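Close look at the chain arrangement
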Amino acid sequence: MTKNLLSSAVFAGLIAGLIAALLQFVFVIPLLLEGELYETGARLHFATDGTPQSERGAPGLGGEWGRHLMTIGFNLVTYAGYGLLMVAAMGLARDHRGTPITAQNGIIWGLAGFIAVQLAPAVGLPPELPGTPAAELAPRQIWWMGTILATLVGLALIAFGRGMMMHFLGLIVILAPQLIGAPHLDTFWGVAPPELSAEFVTHSLGFAAVGWVTLGYFCALFMAQGEDS
Amino acid sequence: MTTQTANFAATRSNTLAFILALTVGVALLTVSGMAQATVLHDAAHDQRHAMAFPCH
């Protein structure tokens, strides 16, 4: 059991992390590098001949292979970490609620993980383009972590709670951190074009969803295969 | 061993496996997402932005 649990999570994490990293290099990192041009002042928004126009165009990925290898490496670590949490949750749900572990169910697990870990915190704290000044780190990390935990508890109440009241309670728990609100600055300080920030947010969320669904699918597939053999 | 104690032993070893997976998972995520050591932060920088960790 232990071996199957750990190896399923790690292999699923490697596959999901690799796919997520490739998608990031195509869709997310170019926007991030373009944002850095504004962060460093290499480009200035609202400064080209006095009109609010900036040339669109990401710099190439460039020759910083060390940096990009690190991005791939940390994606693998992150997805393996999420995979370990996910297989434990799948196992607990099976032992205590009889939820079968199948690849199809894995897709739902992946979507739930995406909602709890990426989407819910992003509702309050949008993914940040480099150069976006934000409130102090510690309160943001606390709100971020609290929102993830509350959303996980809320989703679990909806998925496994018995009775309408439990499902309703789940909804309240999910909404609570959003009602409390994320820490924000009193002023807007962004130096990059708002369109660039918006695209960065939608791309990073969209492709994180792909990574999470892939993770859930392979975690469940490998768990089920390991138990059959 | 009766079936009941066998089930109990299996459930307990499953629980230990779940705790192990959760612990290792949280440790990996702490390193990749939260740790502020400069070397780690710089190496993980792009991935943290792409995964929306509150990073700096």
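Structure report, in brief. (Residues numbered from 1 in each chain as written. Chains lettered and ligands numbered in written order. Predicted model: local features only at pLDDT ≥ 70, side-chain atom pairs only at ≥ 80, totals over all residues. Heavy atoms only, no water.)

1. Things to note about the overall build of chain A
Stated precisely, the cut-off is as follows: Where helices and strands are cited, they refer to DSSP runs of H or I of at least four residues and of E of at least two residues respectively, numbered from the N terminus. Each residue is assigned to one of three classes by its accessible area relative to the maximum for its type, calculated with a 1.4 Å probe on protein chains only: buried under 20%, partly exposed between the two thresholds, exposed over 50%. Here, residues are in contact when the closest pair of their heavy atoms is within 4.5 Å. Residue-level accessible areas treat just the shown protein chains as cover; the underlying method is Shrake-Rupley with a 1.4 Å probe. Counting rule for charge: Lys and Arg are taken as positive, Asp and Glu as negative, and neither His nor the chain ends is counted. Charged groups are reduced to one reference atom each: NZ for lysine, CZ for arginine, CG for aspartic acid, CD for glutamic acid.
Across its full length, chain A carries six helices and zero strands. Secondary structure elements in chain A, listed N-terminal to C-terminal, are α-α-α-α-α-α. The buried share among the 229 residues of chain A stands at 41%. Counting contacts in chain A only where the partners sit at least 6 residues apart, residues at least 24 apart contribute 78% of the total. Total accessible area computed for chain A in this model is approximately 11,500 Å², and 72% of it derives from carbon and sulfur atoms. Side-chain charges of chain A comprise 8 positive and 14 negative groups, with the mean position of each set lying 14 Å from the other.

2. Re the overall build of chain B
When helices and strands are counted, chain B shows two helices and zero strands. The proportion of buried residues among the 56 residues of chain B is 39%. Accessible area of chain B: about 2,900 Å², with a carbon and sulfur share of 72%.

3. What to know about the layout of surface pockets
Under the convention used in this document: The distinction between a cavity and a pocket rests on a 1 Å grid over the protein atoms alone: a 1.4 Å probe fits inside a cavity but cannot get out, while a pocket stays open yet meets protein on both sides within 12 Å along at least five of seven lines, and a residue with an atom within 4 Å of a point counts as lining. Grid points are joined across faces, edges and corners, and a volume is the space filled by probe spheres set on the points. Lys, Arg, Asp and Glu make up the charged group, whereas Ala, Val, Leu, Ile, Met, Phe, Trp, Tyr, Cys and Pro make up the nonpolar group; the residues left over, Gly among them, are polar.
Of the voids in this model, the largest pocket is the one considered here, and its volume is about 1,100 Å³. Together, 33 residues line the largest pocket, and Leu85(A), Met86(A), Ala89(A), Trp109(A) and Leu152(A) are the ones closest to its centre. Contributions of two or more residues to the lining of the largest pocket are made by helix H2 (65-97), helix H3 (103-124) and helix H4 (137-160) of chain A together with helix H1 (3-34) of chain B. For the lining of the largest pocket, the leading source of residues is H4(A), giving 10 residues. Among the residues forming the lining of the largest pocket, the class breakdown is 27 nonpolar, five polar and one charged. In this structure, the second largest pocket spans a volume of roughly 540 Å³. Pro126(A), Glu128(A), Thr132(A), Pro133(A) and Phe188(A) are, among the 25 residues lining the second largest pocket, the residues nearest its centre. The dominant element in the lining of the second largest pocket, judged by the number of residues it contributes, is helix H6 (residues 194-228) of chain A, at four residues. Of the residues contributing to the lining of the second largest pocket, the split by class is 16 nonpolar, six polar and three charged.

4. Description of empty space enclosed by the protein
Residues and elements named next belong to chain A. All told, the structure shown has two cavities of 30 Å³ or more when counted by the stated rule. As a volume, the largest cavity reaches approximately 130 Å³. Mapped by element, the contributors of at least two residues to the lining of the largest cavity are H3 and H4. Ranked by the residues each element gives to the lining of the largest cavity, the list is headed by H3, at three residues. Its residues placed into classes, the lining of the largest cavity shows 10 nonpolar, three polar and two charged. Estimated volume of the second largest cavity: approximately 40 Å³. Lining the second largest cavity are Met90, Ala93, Thr99, Pro100, Ile101, Thr102, Asn105, Gly106, Trp109 and Ala220. Secondary-structure elements contributing two or more residues to the lining of the second largest cavity are H2 and H3.

5. Description of the interface of chain B and chain A
Buried accessible area, meaning the area lost when the parts come together, often serves as the stated size of an interface. Note the threshold: Buried area is a sum: the accessible area each of two parts loses on coming together, probed at 1.4 Å, counted once for each and added. Between Lys or Arg on one side and Asp or Glu on the other, a salt bridge is scored when a side-chain nitrogen of the former is within 4 Å of a carboxyl oxygen of the latter.
With 29 residues of chain B in contact, the opposing surface of chain A contributes 39 residues. Of the roughly 3,100 Å² buried between chain B and chain A on both sides combined, carbon and sulfur atoms contribute 72%. The three residues of chain B that bury the most area against chain A are Phe18(B), Asp46(B) and Met51(B), which together make up 21% of that side's buried surface. Taken together, the connections running from chain B to chain A amount to one salt bridge. Here Arg67(A) ties to Asp46(B) by a salt bridge, and the two come within 2.6 Å at their closest N and O atoms.

6. With respect to helix H1 (residues 2-39) of chain A
All names here are of chain A. Test applied: One fewer than the residue count of a helix, multiplied by 1.5 Å, yields its expected span. A residue's bend is simply the angle between two axes: one fitted to the seven residues ending at it, one to the seven starting at it.
Relative to the 56 Å expected for 38 residues at 1.5 Å per residue, H1 spans just 46 Å between its end C-alpha atoms, considerably shorter than the ideal helical length. Residue Phe25 marks the point of greatest curvature in H1, where the axis turns by about 55°. The positive-phi residue at the C-terminal boundary of H1 is Gly41, with phi of around 85°.

7. Some thoughts on the packing of aromatic side chains
Residue and element names in this part refer to chain A. We count it as follows: A pair of Phe, Tyr and Trp rings is counted when the ring centres sit within 6.5 Å of each other, with Trp represented by its six-membered ring. The angle between the planes then sorts it: under 30 degrees is stacked, over 60 is edge-to-face, the rest tilted.
If you walk through the whole model with that rule in mind, you get seven aromatic pairs over all chains. Judged by centre distance (6.2 Å) and plane angle (35°), the ring pair of Trp109 and Phe160 falls under tilted. Here Trp109 is found in helix H3, whereas its partner Phe160 is found in helix H4, with 51 residues between them in sequence. Site record: aromatic cluster; members linked through ring pairs are Tyr79, Tyr82 and Trp212.

8. Quick notes on the pattern of salt bridges
All told, the structure shown has eight salt bridges over all chains when counted by the stated rule. Between Asp95(A) and Arg94(A) there is a salt bridge, and its shortest N-O distance comes to 3.7 Å. Residue Asp95(A) is classed as partly exposed on the basis of its relative accessible area of 30%. Here Arg94(A) falls in the partly exposed class, since its relative accessible area comes to 22%. Here the residues in one salt-bridge network are Glu36(A), Glu64(A), Arg67(A) and Asp46(B), joined through shared partners.

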